[in-house]
Amino acid sequence: MASGERARYWRYPELPGVDLLHAHYVRKAFARHTHETFVFAAITEGVEAFHYRDALVHAGPGQIALVNPDTPHTGHAGVPEGWTYRTIYPDAELIRSIAADTLALRGDVGFTQPVVDDPYAAQLVVGVHRAAEEGNALAADSLLRLVTARMLRSHGGRITPLPPRAAGARDAARARAVLEERMVDPPTLERLAADLGTSPFALLRAFRDAYGMPPHTWLTDARVRRARRLLDAGTAPAEAAVAVGFTDQPHLNRHFTRSVGVPPGAYQRSRGVRPRGARA
């Protein structure tokens, strides 16, 4: 990690379904990627800039970056000194349960804008982190529910999936299924298009419309997500790299760090996961 940069990605056992990241980045640049979870990122210093769908947005102190699951986005410094933030990654089921309990909202919920200016909510996010660091489970859980309800009430609610924007949406979905099945040995774009009965350019455009990124970028993101699940299960980084289709562990390290913010080994250590076969 670049000099002066620091990051801790971890999980507090008493706050299940939630990952935590406390980081300061200067030259760090997150590749376009997605999360299976929600993202609440409270900026405490500096400015983060990130592409969210088709727009470049900025978040500074007192603001929160909000990202829904499976929504492509990037991340980089918006000022020369970089940015510091505390981020919560709550899983979708937890957010749905909080929405049902506090706002009587059922079904899929989400947020309508990527950056909100709410210093009090940002303090609540920081409070979740500090409570977890102090081992105060009651406070961590309470503050998480408070900030989630506040964000849903002010900047979110029930969401309805958008209808397919193009006739190629079905081809895009079929292409995605093929790439998921053949993650280790994916076909070329030309072969994939031919098997689906379309042209490479038409498939490229349809896939980007459906998933916010071209097939090769989506595949890298999917490999990282699958690698995370393997790492959580105790698979060694080198084995996880090969299992998801990366050429070797350095290849996984590079892409994992560009999406998650820390390398695979640090990710496992911070979550208390010991790779199977490792010496005690």
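As the structure is a prediction and not an experimental result, all values here were calculated from the model.

(A) Geometry of the environment of Val-126. With respect to the helices and strands, Val-126 occurs in helix α2 (residues 119-134). You can call Val-126 buried: its relative accessible area is 11%. Separated by 85 residues in sequence, Val-126 and Ala-41 place their C-alpha atoms 9.4 Å apart.

(B) Highlighting the nonpolar core. Among the nonpolar cores identified, the biggest contains 46 residues, and Tyr-85 and Trp-218 are the most heavily contacted of them. With six residues, the top contributor of residues to this core is helix α7 (residues 215-232). With residues up to four places along the chain from it excluded, the contact list for Trp-218 reads Arg-176, Leu-179, Glu-180, Phe-207, Tyr-211 and Met-213. The next biggest cluster of nonpolar side chains, apart from the first, holds 32 residues, and it includes Ala-92, Ile-98, Phe-111 and Ala-121.

(C) Structural view of helix α4 (residues 169-181). The end-to-end C-alpha separation of α4 is 19 Å, in line with the 18 Å expected for 13 residues at 1.5 Å each. Burial in α4 covers these residues: Asp-171, Ala-172, Ala-175 and Leu-179. An end-on view of α4 places all buried positions within 100° of arc, on one side of the element. Away from the buried face of α4 by more than 90 degrees, exposed residues Arg-170 and Glu-181 are located.

(D) Representation of the side chain of Asn-68 within the structure. With respect to the helices and strands, the residue Asn-68 is situated in the loop between β7 (63-67) and β8 (73-77). Asn-68 sits in the buried class, given a relative accessible area of 8%. Within the structure, the side chain of Asn-68 is placed 2.9 Å from the backbone nitrogen of Phe-111, a separation counted as a polar contact. With residues near it in sequence (within four places) discarded, Asn-68 still touches Thr-37, Phe-38, Tyr-52, Gly-110 and Phe-111.

(E) Structural view of the packing of helix α1 (residues 92-103) against helix α3 (residues 137-155). Where α1 meets α3, the closest approach of the two axes is 10 Å, and the angle between their N-to-C directions is 75°. One element, α1, and the other, α3, form an angle in the roughly perpendicular class. In contact with Leu-94, Ile-95, Ile-98, Ala-99, Thr-102 and Leu-103 of α1, α3 contributes Leu-144, Arg-145, Thr-148, Ala-149, Leu-152 and Arg-153. The residue makeup of the contact of α1 with α3, split by class, is eight nonpolar, two polar and two charged.

Here is what the cut-offs are and how they apply
- Per-chain numbering applies: the sequence of each chain, read as written, is numbered from 1 onward.
- Where local features are concerned, this predicted model is filtered to residues with pLDDT of at least 70; where side-chain atom pairs are given and counted, the filter is 80 or more; whole-chain, interface and lining totals use all residues.
- No hydrogens and no water enter the side-chain calculation; it runs on all heavy atoms of the structure.
- Secondary structure follows DSSP: runs of H or I at least 4 residues long count as helices, runs of E at least 2 residues long count as strands, and numbering of each begins at the N terminus.
- Relative accessibility under 20% of the residue-type maximum defines a buried residue, over 50% an exposed one, and the middle range a partly exposed one, all with a 1.4 Å probe and only protein chains included.
- Residues belong to a common nonpolar core when they are buried Ala, Val, Leu, Ile, Met, Phe, Trp, Tyr or Cys residues joined through side-chain atoms within 4.5 Å.
- The contact rule is simple, with two residues in contact once any of their heavy atoms fall within 4.5 Å.
- Multiply 1.5 Å by the residue count of a helix minus one, and that product is the helix's expected span.
- Directions from the helix axis toward the C-beta atoms define the arc.
- Distance and chemistry together define a polar contact, namely a pair of N or O atoms within 3.5 Å, with one atom able to donate a hydrogen and the other to accept it when in protein, and with adjacent residues in sequence counting only for side-chain atoms on both sides.
- The angle between two axes is taken between their N-to-C directions and runs from 0 to 180 degrees, where each axis is a line fitted to C-alpha atoms and a helix contributes only its stretch in contact.
- Angle categories are assigned with fixed cut-offs, so that under 35 degrees is roughly parallel, over 145 is roughly antiparallel, 65 to 115 is roughly perpendicular, and the rest are oblique.
- Residue polarity is assigned by list, with Asp, Glu, Lys and Arg as charged and Ala, Val, Leu, Ile, Met, Phe, Trp, Tyr, Cys and Pro as nonpolar; anything else, Gly included, falls into the polar class.

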